[in-house]
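Letter by letter, the chains look like this.
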Amino acid sequence: MAILPNSRDIEAFNVVAVELSFRRAAERLAIDQSALSRRIRQLENLIGYQLVRRTTREVSLTAAGEIFHERTRLMSNQIATAVRAGEIAAEGRSGLLRVGYMSFAAIEIMPQIVREFTLRYPDIELELQYMRTQGQKIELSRNNLDVCFMLGPFSHPQYETRLLVSEPPAAILSAQHRLATRPSLTLAEIAAYPLVLGTTAEWDSYRLFVNDMFSREGLAIKISYEASNALGILGLVSSGLGISIYSQGISRFQPRTIMTKPISDCQDRIFTLLVWNRAYKTPALMNFVEVAEELYPGIT
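A brief look at the structure comes next. Computed from a prediction, not measured in an experiment: that's the story for all the values here.

### Digging into the overall build of the protein
Step number 1: When its secondary structure is counted, the protein shows eleven helices and twelve strands.
Step number 2: Relative to the 2.2 N^0.38 estimate, which gives 19 Å for 300 residues, the radius of gyration of the protein is 32 Å and therefore markedly larger than a compact globule would have.
Step number 3: Here the protein holds 300 residues, and 43% of them are scored as buried.
Step number 4: A sequence separation of at least 24 residues applies to 73% of the contacts in the protein between residues at least 6 apart.
Step number 5: When the accessible surface of the protein is summed, it comes to about 15900 Å², and 52% of that surface belongs to carbon and sulfur atoms.
Step number 6: For the protein, the distance from the average position of its 32 positive side-chain charges to the average position of its 31 negative side-chain charges is 3 Å.

Given below as structure tokens:
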């Protein structure tokens, strides 16, 4: 394999090619003129042909030197561009970030963080994927997602977590429901009516949370309808087909046909976590976490 010239000698030649003066080129490079001449001779000896014509009155490039200068000048520009692009990526200001999220983060938490992050880091492409919490855990472990908004609690040595929001569950019911005038409801009052919940396939972790909430009080629940997404749940509730249990934050976005009621005898909390794999940290990911921590300073 042929020995290739080093970048230092190529840089020295290109300065000579621009200045067409060994004195001026040596001044630009801050080296001795004789040392510069040796570099150019070493370069010519290595590649096997003359690049520079030297006389007592002028310096000029040979035909080979013209071509060599043009190609290596472009190469130097490409290297500088590559170095800059790498620097931007190393600072977490470019690249791709894959974000998973679930229903409780979809309305307010995730959009707020994404908006602020995009304003600060416009060159990072965000790929948002709606996914149930269990699916997020699987994809995170496979490195198919970089960071996730998921339902807590969750603790595992492979992952780092930040608590974003802790909210009580609330009952949501049609504005025409007979309980709609009550300031709050009890678990027993809710259990007396059919419920509308997310499907087990899409809301598995939350279904367990709801079941535990009632079973601890010795209450059985009857599920009348299931929906795969939050919009479906709200639509069924709005039509008077049952009561649902949702994060209290829904009250800030609920349609006028729906009422949100606190559950007076429930001490449970719904945790929304930001989670990422310790083994796959990137500067862009940590910038995303930093933005989330600023917007939700209660994170610990």
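### A closer look at the pattern of salt bridges
Step number 1: Scanning the model with the defined rule gives 19 salt bridges in all.
Step number 2: Of the charged contacts, one joins Glu-27 and Arg-23 as a salt bridge, the two residues approaching to 3.4 Å between their closest N and O atoms. Taken together, the residues span about one helical turn, with Glu-27 and Arg-23 both in helix H2 (residues 22-29) at a distance of four residues.
Step number 3: With relative accessibility at 54%, the residue Glu-27 sits in the exposed group.

### Some remarks on the side chain of Arg-98
Step number 1: With respect to the helices and strands, Arg-98 occurs in strand E3 (residues 95-101).
Step number 2: Within the structure, the side chain of Arg-98 is placed 2.9 Å from the backbone oxygen of Asn-143, a separation counted as a polar contact.
Step number 3: When near neighbours in sequence (up to four residues on either side) are disregarded, Arg-98 contacts Glu-127, Asn-143, Asn-144, Leu-145, Asp-146 and Val-147.

### Topic: the environment of Ser-37
Step number 1: Its place among the elements puts Ser-37 in helix H3 (residues 33-47).
Step number 2: Judged by relative accessible area, which is 16%, Ser-37 ranks as buried.
Step number 3: With 204 residues separating them in the primary sequence, Ser-37 and Leu-241 have C-alpha atoms 89 Å apart.

### Here we look at the sheet that holds strand E12 (residues 270-277)
Step number 1: Spatially, E4-E3-E5-E12-E6 is the arrangement adopted by the five strands of the open sheet, whose pairing is mixed. Edge strands, defined here as strands with exactly one partner in the open sheet, are strand E4 (124-130) and strand E6 (159-167). This sheet shows a mean twist of 20° between the axes of neighbouring strands, independent of strand direction.
Step number 2: Where E3 lies against E4, seven bridges are found, and the strand directions are parallel. Each bridged residue has a counterpart across the sheet, and for Leu-96 the counterpart in E4 is Glu-125.
Step number 3: Those strands touched by helix H11 (residues 283-295) are E3, E4, strand E5 (147-151), E6 and E12, and its axis lies near 160° from that of E12.

What counts, and where the lines are drawn
Residues numbered from 1 in each chain as written. Predicted model: local features only at pLDDT ≥ 70, side-chain atom pairs only at ≥ 80, totals over all residues. Heavy atoms only, no water. Helix = DSSP H or I, 4+ residues; strand = E, 2+ residues; numbered from the N terminus. Rg over C-alpha atoms; globule rule 2.2 N^0.38 Å. Buried < 20%, exposed > 50% of the residue type's maximum accessible area, 1.4 Å probe, protein only. Contact = heavy atoms within 4.5 Å. Areas by Shrake-Rupley, 256 points an atom, 1.4 Å probe, with all protein chains shown as cover. Lys, Arg positive; Asp, Glu negative; His and termini not counted. Charge placed at Lys NZ, Arg CZ, Asp CG, Glu CD. Salt bridge = Lys/Arg side-chain N within 4 Å of Asp/Glu carboxyl O. Polar contact = N/O pair within 3.5 Å; in protein donor to acceptor, adjacent residues only side chain to side chain. Pairing = 2+ DSSP bridges. Axes fitted to C-alpha atoms, helices over the stretch in contact; angles between N-to-C directions.

Function cannot be inferred from these measures alone, as they are strictly geometric.
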